[in-house]
Amino acid sequence: MGATHLPSTEFDGTELDDQLEAEAEVQQGDPAEPMVQLLSPDGTLGTDPLFSAYADRLDAEKLRGFYADMARIRRFDVESTALQRQGQLSLWVPLTGQEAAQIGSGRASQPQDYIFPTYREHGVALTRNVDLAELLRQFRGVSNGGWNPKDTNFHLYTLVLAAQTPHAVGYAMGIQRDQKLAAAAAGAVPGQQAEPNAAVMVYFGDGASSEGDVHESMVFASSYKAPVVFFCQNNHWAISVPSSVQTRIPLSNRAKGYGFPGIRVDGNDVIAVHAVTEWALEQAREGNGPVLIEAFTYRVGAHTTADDPTKYRESAEEALWRAKDPLDRLEKYLRAQGFADDAFFEQVKADGDDLATYVRKTIHDFETPDIRTAFANTYVEAHPLVAEELAWFEAYSAGFADTTESDTKPAGAQEGAAN
């Protein structure tokens, strides 16, 4: 079945369908609310009545940092794809095209905030100081994680679709209660200041937005005004299913049904993403409840290295989005403003190559774990069933042991040979 023959509802194109859409517009307002964009594809910086004030906080150094981050993570993505093709990784999940959505939002968070990613947030990991080589342990199959989330407040990758959203809301509700207790304790001691408030940010894609976990998470978050920002990277494709099949209206409009703000932002505009995310996290930290951000972006490459996007989408579509490349538009702006020159961009490229070299060397040095540790880590305490399975595995493995000449020759023959 081709992309143009995807199944539709029985009401598509009918008078009843039009009536239902009209009724929805009356109840929800115009579903095509304007998308927040500050930096256009041609590198021109526009204005916004709310978010320009946040953009004005960004100086030349921070903007150069955004570009350097996006370039480094793209180079990391290219290297990781090559490593998978060479058999060094079992799988890889590319992010090319989504750099602005990840770097802009990640850099808007503060150290005390806690981040719940899916499996594609390599750029966010960079902003949270996760060692990118360590991030590859899971994709190489030598670890269930690769880093300690307590060191960076960046949770381990979640491979089960949308499972991280209820985790994030539960964690946010815990933060909410801890902060109330901390504020009360600080108030009881003259001169003592409470720790700065924290928020949670959870990432998911347009495909995951159709999962029940997301719905349940938003119900709880709204009911308890949990300090959580839902960050949906709408990259237009849930593997081979287009986002138009996931929803009839902008995903950001779904927030209205739960009673909290929803914002659609140009996900290829790093300045706008940073501004919107900074505002949303402030709302959450200040006790105003959750916010849904829909970053309207595009997955330029494959869903994973096991995927072939040529089977379900047109090359013309990819070309259209390549013209909106997040790195290109920021480079145009930096050059036009005199914030960066050739020397800067050459250094960024060299730094990216150094990162790729480091990553390649490091993963080759990873030790292959003893598979027996998988049995030891199944339960906290020894379990008879696991012990039985380990014994079977040991016996099975022994059947593949190499036999040497001394193992096969009779003892007398070996002695004669020695004489």
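One can find the structure itself at the top, above this paragraph.
Quantities reported herein were computed from a predicted structural model and do not represent experimental measurements.

About the cut-offs
- Residues numbered from 1 in each chain as written.
- Predicted model: local features only at pLDDT ≥ 70, side-chain atom pairs only at ≥ 80, totals over all residues.
- Heavy atoms only, no water.
- Pairing = 2+ DSSP bridges.
- Helix = DSSP H or I, 4+ residues; strand = E, 2+ residues; numbered from the N terminus.
- Axes fitted to C-alpha atoms, helices over the stretch in contact; angles between N-to-C directions.
- Contact = heavy atoms within 4.5 Å.
- Phe/Tyr/Trp six-rings, centres within 6.5 Å; stacked < 30°, edge-to-face > 60°.
- Buried < 20%, exposed > 50% of the residue type's maximum accessible area, 1.4 Å probe, protein only.
- Lys NZ or Arg CZ within 6 Å of the ring centre and 35° of its normal.
- Salt bridge = Lys/Arg side-chain N within 4 Å of Asp/Glu carboxyl O.
- Parallel < 35°, antiparallel > 145°, perpendicular 65-115°, else oblique.
- Left-handed = near helix turned anticlockwise from the far one by under 90°.
- Nonpolar A, V, L, I, M, F, W, Y, C, P; charged D, E, K, R; others polar.
- Polar contact = N/O pair within 3.5 Å; in protein donor to acceptor, adjacent residues only side chain to side chain.

## Some details on the sheet that holds strand β7 (residues 291–296)
If you trace the five strands from one edge of the open sheet to the other, you get β1-β2-β3-β7-β6, paired in parallel fashion. Both outer strands of the open sheet, β1 (114–116) and β6 (262–266), are each paired with one neighbouring strand and no more. Between one strand and the next, the sheet's axes are offset by a mean angle of 20°, whatever the strand orientation. Two strands pair when backbone bridges link them, and strand β3 (residues 228–234) and β7 are joined in this way by six bridges, in the parallel orientation. Its bridge partner lying in β7, F230 is registered against L292. Along the sheet, helix α4 (residues 99–108) contacts β2 (200–205), β3 and β7; its crossing angle with β3, the most-contacted strand, is approximately 165°.

## A word on the packing of aromatic side chains
Each aromatic ring pair is specified by the distance between its two centres and by the angle formed by the two planes. In this structure the tally under the stated criterion is 25 aromatic pairs. Pairing Y298 with W321 gives two aromatic rings, centres 5.2 Å apart and planes at 5°, and the pair type is stacked. Taken together, the positions of Y298 in the loop between β7 and α14 (315–322) and W321 in helix α14 put the pair 23 residues apart, joining distant regions of the chain. Of the residues examined, W321 reaches a relative accessible area of 9% and is grouped as buried. Pairwise contacts between aromatic rings join F76, W92, F139, W147, F154 and Y157 into one cluster. Positioned over the ring face of F366 is R137, at 4.0 Å from the centre of the ring.

## Re the pattern of salt bridges
All told, the structure shown has 20 salt bridges when counted by the stated rule. R360 is the partner of E79 in a salt bridge, and the nearest nitrogen-oxygen pair spans 2.6 Å. Remark: R360 occurs in helix α16 (residues 342–364) and E79 occurs in helix α3 (residues 60–85); sequence separation between them is 281 residues. Here R137 makes a salt bridge to E134, at a shortest N to O gap of 2.6 Å.

## What to know about the packing of α3 against α4
The interhelical angle for the contact between α3 and α4, taken along N-to-C directions, is 130°, at an axis separation of 10 Å. In this view, α3 runs oblique relative to α4, as classed from their interaxial angle. In terms of crossing hand, the pair formed by α3 and α4 is right-handed. Listed contacts from α4 to F66, D69, M70, I73 and R74 of α3 are E99, A100, I103 and R107. Of the residues that constitute the contact of α3 with α4, the class distribution is five nonpolar, no polar and four charged.

## Things to note about the side chain of D307
Here D307 is to be found in the loop between β7 and α14. Within the structure, D307 has its side chain in polar contact with the backbone nitrogen of H303 (distance 2.8 Å). Dropping the residues within four chain positions of it, D307 is found in contact with I239, R299, A302 and Y312.

## Here's the deal with α4
Here α4 lies mainly inside the structure; nine of its ten residues are buried. Within α4, burial applies to E99, A100, A101, Q102, I103, G104, S105, G106 and A108.

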